[in-house]
Amino acid sequence: MTEVVVSIKELEKEYLSGRVRIKVLNKINLEIRREFLAILGPSGCGKSTLLRILAGVEKPTKGTIEFHISSERPRIGFVFQFPTLIPWLTILENVALPLESAGIKPKEARDEARKYLSLVGLSGFENAYPHQLSGGMKQRVNITRALAIKPQILLLDEPFSNLDPLTAEALRAELLDIWLSGVAGVEAVVMVTHSIDEALFMADRIAILTPRPAEVRKVVEVNLPRPRNRRSPEFQKLEDYIYEFIS
Amino acid sequence: MDYGYLLTDLTYSLLRLLTAYTMSIVAALLIGIPMGRSKLLEATLYPLIDVLQSIPVLGFFPAVLLLVTKAVQPPLGAELASVILIFTGQAWNLILGVYSAVKAVPEDFLMMSAIYRFNLAARLFKIYIPTALLSIASNSIVSWAGGLFFLTACEVISLGSEEFRLRGIGADIVNLTAGGDFLGAYVGVALLTGVSLALYMLLWNPLVNAVSALAGGSAVSYPAVNIFRALSPHIFGRMPSPSNYVIYLLSTRNLDVVLSRINLRKLFKASTSRVLAIAAVLTTLTIACLVVFKNVNTLKVDLAGLPWFNATVGLLHSLFRVFTTILASFAFIAFAGFYAFEHGKVAKYILIQLGEVLSSMPAFLWWSIFSLAVENGLISPLLVSFLILFQGTAWYIFFNTPLAPPTEAERRLYEVAQIYRLGVFKRFSRIYLPSMMPRITAGLSAAWGGAWNSVIAAEYAQIGSKTIEFFGIGYLLNVATIGGDINATLFYALYLAIFIVIVNRTFWRWLFTQAFMKYRVVE
Ligand SMILES: Nc1ncnc2c1ncn2[C@@H]1O[C@H](COP(=O)(O)OP(=O)(O)OP(=O)(O)O)[C@@H](O)[C@H]1O
Ligand SMILES: [Mg+2]
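Small disclaimer: the values here were computed from a predicted structure and weren't measured.

*Asks:* Can you tell me about the interface of chain B and chain A, naming the residues and giving the values?
*Replies:* At the interface, 19 residues of chain B touch 24 residues of chain A. Taken over both partners, the interface formed by chain B and chain A buries close to 2,100 Å², and the fraction arising from carbon and sulfur atoms is 64%. On the chain B side of the interface with chain A, the three residues burying the most area are I419, Y420 and R421 of chain B, jointly 34% of the side's total. Of the charged contacts, one joins E100 of chain A and R430 of chain B as a salt bridge, the two residues approaching to 3.7 Å between their closest N and O atoms. The tally of links between chain B and chain A comes to 3 residue pairs in polar contact (both at pLDDT 80 or more). When contributions to the side of chain B that touches chain A are tallied by element, the ones reaching two or more residues are α18 (408-419), α19 (424-458) and α21 (486-519) of chain B.

*Asks:* Describe the packing of α18 of chain B against α19 of chain B, with residues and values.
*Replies:* All names here are of chain B. Between α18 and α19, the shortest axis-to-axis distance is 10 Å and the interhelical angle comes to 170°. Considering the angle they form, α18 stands roughly antiparallel to α19. Between α18, through E410, L413, Y414 and A417, and α19, the contact on the second element is made entirely by R427, I431, Y432, S435, M436 and R439.

*Asks:* How would you sum up the site of ligand 1? Please name residues and give values.
*Replies:* Residues and elements named next belong to chain A. In the region of ligand 1, the neighbouring residues are Y15, V24, S43, G44, C45, G46, K47, S48, T49, E158, H194 and R212. Between ligand 1 and G44 there is a distance of 2.9 Å, counted from an oxygen atom to a backbone nitrogen or oxygen. Measuring from an oxygen atom of ligand 1, one finds a side-chain N or O atom of K47 at 2.9 Å. When residues in the shell around ligand 1 are grouped by element, the largest group, 3 residues, is from helix α1 (residues 47-55).

*Asks:* Give a description of unusual backbone geometry that names residues and reports values.
*Replies:* Residues and elements named next belong to chain A. The linkage connecting R212 with the following residue, P213, adopts the cis geometry, with an omega of -10°. For the peptide bond that leads from R226 to P227, omega is -5°, which places it in the cis range. Positionally, P227 belongs in the loop between β9 (216-221) and α7 (233-246). Phi at K27 is positive, roughly 45°, even though this residue is not glycine. The backbone phi angle of E158 is positive, close to 40°, even though this residue is not glycine. Its place among the elements puts E158 in the loop between β6 (153-157) and α5 (165-181). We classify E158 as buried; its relative accessible area is 10%.

*Asks:* Quick rundown of the pattern of salt bridges? Include the residues and the values.
*Replies:* Counting across every chain of the model gives 31 salt bridges over all chains. K9 of chain A serves as the salt-bridge partner of E66 of chain A, at 3.5 Å between the closest nitrogen and oxygen. Here E66 of chain A is found in strand β4 (residues 62-67), whereas its partner K9 of chain A is found in strand β1 (residues 4-17), with 57 residues between them in sequence. Here E100 of chain A and K426 of chain B are joined by a salt bridge, their closest N and O atoms 3.6 Å apart. Of this pair, E100 of chain A sits in helix α2 (residues 91-101) while K426 of chain B sits in helix α19, which puts the two residues in different chains. The exposure class assigned to K426 of chain B is buried, which follows from its relative accessible area of 19%. One salt-bridge network, held together by shared partners, links E169, R172, D197, E198 and R230 of chain A.

*Asks:* Describe the sheet that holds strand β5 (residues 76-79) of chain A, and please don't skip the residues or the numbers.
*Replies:* Residues and elements named next belong to chain A. An order of β5-β6-β7-β3-β8-β9 is seen for the 6 strands of this open sheet, with the pairing classed as mixed. Each end of this open sheet is capped by a strand with a single partner; those strands are β5 and β9. Neighbouring strand axes in the sheet, compared pairwise and without regard to direction, differ in orientation by 15° on average. The pairing of strand β3 (residues 36-40) with strand β8 (residues 205-209) spans 4 bridges and is classified as parallel. Each bridged residue has a counterpart across the sheet, and for I39 the counterpart in β8 is A207. This element, helix α4 (residues 135-148), spans β5 and β6 of the sheet and lies at about 170° to β5.

*Asks:* Residues and numbers for the sheet that holds β4 of chain A, please.
*Replies:* All names here are of chain A. Read across the open sheet, the 3 strands follow the order β2-β1-β4; overall the sheet is antiparallel. In this open sheet, the two strands that pair with only one neighbour each are β2 (20-33) and β4. In this sheet, neighbouring strand axes are inclined to one another by 20° on average, regardless of whether the strands run parallel or antiparallel. Pairing of β1 with β2, which is carried by 10 bridges, proceeds in the antiparallel orientation. Its bridge partner being in β2, I8 is matched across the sheet by L30. Of the strands in this sheet, β1, β2 and β4 are in contact with α1, which crosses β1 at around 120°.

*Asks:* Now, about α19 of chain B: what can you tell me, with residues and values included?
*Replies:* All names here are of chain B. Over its 35 residues, α19 extends only 37 Å from the first C-alpha to the last, a length that falls short of the 51 Å expected when each residue adds 1.5 Å. The sharpest bend along α19 reaches about 55° and sits at M437, with the proline P438 one to four residues further on. The element α19 is largely enclosed, with a buried count of 27 among its 35 residues.

*Asks:* Any details on the pairing of strand β3 (residues 460-463) of chain B? Residues and values, ideally.
*Replies:* All names here are of chain B. Across 4 bridges, the pairing between β3 and strand β4 (residues 466-469) is antiparallel. Residue pairing in the sheet places I463 in a bridge with K466 of β4. Between the antiparallel neighbours β3 and β4 lie 2 residues, among them G464 with a positive phi of about 50°.

Reading the values: the criteria
- Position labels on residues start from 1 in each chain and follow its written sequence.
- By the order in which they are written, chains take letters starting at A while ligands take numbers starting at 1.
- pLDDT decides what is reported in this predicted model: residues at 70 or higher carry local features, side-chain atom pairs at 80 or more are listed and counted, and totals for whole chains, interfaces and linings draw on all residues regardless.
- Here the side-chain values reflect all heavy atoms present in the structure, with hydrogen atoms and water set aside.
- The criterion used for residue contact is that any of the two residues' heavy atoms lie within 4.5 Å.
- What gets called buried area is simply the loss in accessible area from a 1.4 Å probe that two parts show on being joined, summed for both.
- Salt bridge, as used here: a side-chain nitrogen of Lys or Arg that lies within 4 Å of a carboxyl oxygen of Asp or Glu.
- Between N or O atoms, a polar contact is any pair within 3.5 Å; within protein, one atom must be a potential hydrogen donor and the other a potential acceptor, and residues adjacent in sequence are included only when both atoms are from side chains.
- Secondary structure elements are taken from DSSP: a helix is a run of H or I of four residues or more, a strand is a run of E of two residues or more, and numbering for both begins at the N terminus.
- Whenever a helix is involved, its axis is fitted only over the stretch in contact; in every case the axis is a line through C-alpha atoms, and angles between N-to-C directions fall within 0 to 180 degrees.
- Roughly parallel means an angle under 35 degrees; roughly antiparallel means over 145; roughly perpendicular covers 65 to 115; every other angle is labelled oblique.
- We call a residue near a molecule or strand whenever a single non-hydrogen atom of that residue lies within 4 Å of it.
- The buried label applies to any residue whose accessible area, calculated with a 1.4 Å probe on protein chains only, is under 20% of its type's maximum; exposed applies above 50%, and partly exposed to all values in between.
- By definition, two strands form a pair when at least two bridges between them are found by DSSP.
- A helix is expected to reach a length of 1.5 Å times the quantity of its residues less one.
- The angle between axes fitted to the seven-residue stretch ending at a residue and the seven-residue stretch beginning at it gives the bend at that residue.

Here you go:
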């Protein structure tokens, strides 16, 4: 389980805001294994920026990212904080669109999308439009879209932060099930979060970042048995321990 | 040759523009603010301005000119008429801008002012006027351009045997072109274009930049020499700044907020009957005016004797031209906008410059620019005519589309496209174009109004020894005006206006509602 999937070395990112340079990421060194990694950090420290660089839509100012994956360009699934479904496309079309872009024939893309939608219990909503769905369902489609392309790496940017607590909890469990059962073939999951509790509940390791410019302050192993019990003394102890690094 | 007088005349023209602009600002404050606060005023004035905005004022200019010159002694009469024409090119946009900005003031703010018992003056000076001024500043580019468009038309016009001519650069250019002095015409065009561009660079762009900086975000960044930005703390610093919500007023999210507040359906529904009522009142007023000014004898209207057939055939000819131009502008804006959107700065910069040059050209200028080539048969007048139409159409869509920054929700959609590596075609057809649809249709329906003004300039011109004619309603209007047939002029203008208003209230409204319902991006 310690095989390295991604190595991030000396990663730095600066933004130019007018004439002022803002350093967002500072010398990030991190190895992502075959694991569920949570990234925890204060608001505005650069978590999303790091994910976007991992996804390849933003270029680092310095440093490298190496993917130790057979294919030359890793397939990446990205779950956005907001559902970001395209309003004029149906649910099925939304999920199928990335597949089509990956070169799969429209018909097959649709079949594949249908399969994944049924996996998350959205059969029957294929032809609905996003505005007809509840917030939780939309976020489920967002996750499905990321899984359907069979990502090697799944990136999640505060995926549960805009949901009501009950829906969020249900989706966390669902996502964990999918990850632990290995159905999706995902090699590593990287999830950005604000919540210590969420990180502890889901992740194998937690990387804690400092305020901007972000550096890795500490990486904590979470060796708690699954399914995790939030009330257990070990859980609470770790929570207190991590809290020290956040404040 | 001595073209020194062009400089003096340029000053006259600028003064005329400035006077009209000042009037427009006053009108925007006096009408826009109450309209945004009072349901009654909103329901009455919105449809009126909606109609006024969409009719081609150029067609009515001869009639207005006659009326005003009868009422006011020369030379003031003609001056007044020309300022009124420029005003109509500037004001509606500013008034509606202020109205929607005031309308978009968040409820929280109003509640706050109610809880702390702000009196009327406090509300006016601390909330509404700053809001209005910000809206005016950010709408000024479009308005100024709207006024410039009429610059040539308003300064010289011959009505039968009478010729009204004002001192102004617009009149000079028209005369020099008609007289075959192409060099002089070029000097005039260069002067006017140069000054327009300088105004953009030194005044309007920095103003908008300063305003959007004040609003807390560079909503649109215009290329400009930023002397204004350096000055802005002094100028704007003292303005009471409701900066925490102003971002709403400038970002395109504004559109959403406003549209969600304005119950379009209800407003439209209520407004149709009001439009009829207003039309009746206006007609009565016009007739009353004509009676007062003893123009009654020329107003012996013989309905059957009116050129119905000509008007209809002319309208169909022009409609075909307008339709083709709108399609062409749509295609151009869609592709160019997409290209600029994807390729960022340089392309966007070029597009913005192009848009500003286009919008700052009085329609007639094209005839002058190509006068030599047309005179020598190097270029088809049809092409020039198309250019005039294209210019008068494209920039409306232009200011609505590629310049407007994407909203937060839209930006996220583009991020989806990026992360899932959609190909160019898919990015264009599935993301960019649909997300732009509400704005493009809004732009298209505005362009539709603009195109008809251009028709009047595009179908008739006097270039040196040649008279350029393309049959259509614009041509008919020109010929009627030159022949001094005020009845026919009014008839054609009314016929055209009614047609435009009907198409606006049926086709464009339907299209916009469809686009808005289906393609609006909200989270
Ligand atoms: N395109 C950009 N240009 C300039 N600055 C940017 C850009 N994107 C992000 N930033 C800045 O970088 C910093 C980090 O942003 P980022 O979104 O990565 O933070 P975050 O940790 O995800 O914050 P949050 O917890 O609020 O989601 C912020 O201060 C932001 O203002
Ligand atoms: Mg973030």
